[in-house]
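Geometric and topological summary
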Amino acid sequence: MKKSHFIIIVVFLVVITAVNFFILLSKQEDGSCACSNAANKGCYVSSMISLDENQKQLYDGIKSKYRNRAILVADSLHLRQERLMRSLMRNESDTNKIAQIEKDIVSCQKELLHLSVEQYYEIKAILNPSQIPVLDSLFAQIFICRPTCNHRSEDGGTHPHLN
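What counts and what doesn't
For every chain, the first residue of the written sequence is number 1, and numbering continues from 1 onward in sequence order. Reporting of local features is limited, given that this is a predicted model, to residues whose pLDDT is at least 70; pairs of side-chain atoms are given and counted only at 80 or more, and all residues count toward the totals for whole chains, interfaces and linings. Note: side-chain values were computed over all heavy atoms of the structure, leaving out hydrogens and water. Side-chain atoms within 4.5 Å are what join buried Ala, Val, Leu, Ile, Met, Phe, Trp, Tyr and Cys residues into a set we call a nonpolar core. Three labels apply to residues, based on accessible area from a 1.4 Å probe with only protein chains included: buried if under 20% of the type maximum, exposed if over 50%, partly exposed otherwise in between. Helix numbers and strand numbers start at the N terminus; a helix is a DSSP run of H or I with at least 4 residues, a strand a run of E with at least 2. Contact between two residues is taken to exist if any of their heavy atoms lie within 4.5 Å; hydrogens are not considered. We call two N or O atoms a polar contact when they sit within 3.5 Å, provided that within protein one can donate a hydrogen and the other can accept it, with sequence-adjacent residues counted only if both atoms are side-chain atoms. Helices are assigned an expected span. That span is 1.5 Å times one less than the residue count. Any Lys or Arg side-chain nitrogen located within 4 Å of an Asp or Glu carboxyl oxygen qualifies as a salt bridge. For patch detection, residues must exceed 30% relative accessible area and be free of salt bridges, and they are connected within 9 Å for like charges or within 5 Å for nonpolar side chains (Val, Leu, Ile, Met, Phe, Trp, Tyr). The accessible surface values rely on the Shrake-Rupley method and a 1.4 Å probe; as for residues, cover is taken only from the protein chains in view. When two rings of Phe, Tyr or Trp (its six-membered ring) have centres within 6.5 Å they constitute a pair, described as stacked for plane angles under 30 degrees, edge-to-face for angles over 60, and tilted for the intermediate range.

Moving on: the nonpolar core. Ranked by size, the top nonpolar core spans 26 residues in total, and within it I49, L115, I123, L127 and L135 carry the most contacts. Only α2 (44-49), α3 (53-89), α4 (95-125) and α5 (132-143) provide two or more residues apiece to this core. Take this core: its biggest share by element is eight residues, from α4. Not counting residues within four places of it along the chain, the set of residues in contact with I49 comprises L127, Q131, V134, L135 and L138.

Okay, the side chain of Q131 next. With respect to the element layout, Q131 can be found in the loop between α4 and α5. Within polar-contact distance, the side chain of Q131 engages the backbone oxygen of I49 at 3.4 Å. Engagement of the side chain of Q131 in a polar contact is seen with the backbone nitrogen of N128, the distance being 2.8 Å. Setting aside anything within four residues of it in sequence, one finds Q131 in contact with I49, S50, L51 and Q55.

The next point concerns α4. Between its terminal C-alpha atoms α4 stretches 45 Å, which fits the 45 Å expected from 31 residues at 1.5 Å a residue. Along α4, the positions that sit buried rather than exposed are I98, I101, D104, I105, C108, Q109, L112, L115, S116, Q119, Y120 and I123. The N-cap residue of α4 is D94: its side-chain oxygen and the backbone nitrogen of N96 are 3.2 Å apart.

To continue, consider the pattern of salt bridges. Going through the model one piece at a time under the given rule, you end up with five salt bridges. Between K56 and E53 there is a salt bridge whose closest N-O contact spans 3.5 Å. Placement of the pair is K56 and E53 together in helix α3, with a separation of three residues, close to one helical turn. Look at E53 and you get exposed, because its relative accessible area is 58%.

Before going further, it helps to examine a nonpolar patch on the surface. On the surface, a nonpolar cluster with roughly 340 Å² of combined accessible area is contributed by L113, V117, Y121 and F143. Here the nonpolar patch gets three residues from one element, more than from any other, and that element is α4. Of note, Y121 is situated in helix α4. Residue Y121 is classed as exposed on the basis of its relative accessible area, which comes to 53%.

Inspection of the secondary structure assignment puts N128 in the loop between α4 and α5. We classify N128 as partly exposed; its relative accessible area is 39%. Residues N128 and Q55, 73 residues apart in the sequence, show an inter-C-alpha distance of 9.7 Å.

Here we come to the packing of aromatic side chains. One pass over the full model with this rule turns up two aromatic pairs. Where Y120 meets Y121, the ring centres are 5.6 Å apart and the plane angle is 65°; that geometry is what we call edge-to-face. What makes Y120 buried here is its relative accessible area of 14%. When the centroid spacing of 5.2 Å and the interplanar angle of 70° are considered together, the rings of Y120 and F139 count as edge-to-face. You can see Y120 sitting in helix α4 and its partner F139 sitting in helix α5, a full 19 residues away along the chain. In this pair, the class of Y120 matches that of F139, namely buried. By the ring-pair criterion, three or more aromatic residues cluster together here, those being Y120, Y121 and F139.

Take it as geometry only, folks, not as evidence of what the structure does.
Laid out in structure tokens, this is it:
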């Protein structure tokens with residue numbers, strides 16, 4: 001497998017994970033945030049980080065801002081991926097056209113990753129120092145290899161090793 005294809009696949013997996021995180025944060029139940037269990041009436045992230053009321057309002061604004069931007073980029077990514085697949089299925093031999101579509105896809109993936117990083121910094125800015133390790137842990141699940149990439153035998157890649 002070419003190194004460029006491998007890089008594209010890795011970036012694609014990171015972006016899909018980031019999009020899933022945005023979806024997790026954006027799901028709404030009864031006009032409130034997505035809940036981690038039925039008994040809990042608060043947002044998963046809000047409850048995990050133990051946000052106070054002011055922080056919850058700030059977080060909701062940040063979440064909404066990035067969710068809206070991510071949806072637009074994810075839609076563009078999906079359209080470009082469909083265009084690539086149609087070109088491949090037609091056995092197009094125009095390598096320049098295929099390469100341009102690949103670049104467009106990578107650009108969307110890069111933008112989604114950038115949005116995730118920006119969101120991390122904005123959320124971190126509203127937190128107390130004691131809350132930051134929990135945020136780091138949540139975002140590590142997005143940015144660091146998950147169990148599907150089982151290269152660490154001691155925990156199967158489920159716990160990020162940041163040290």
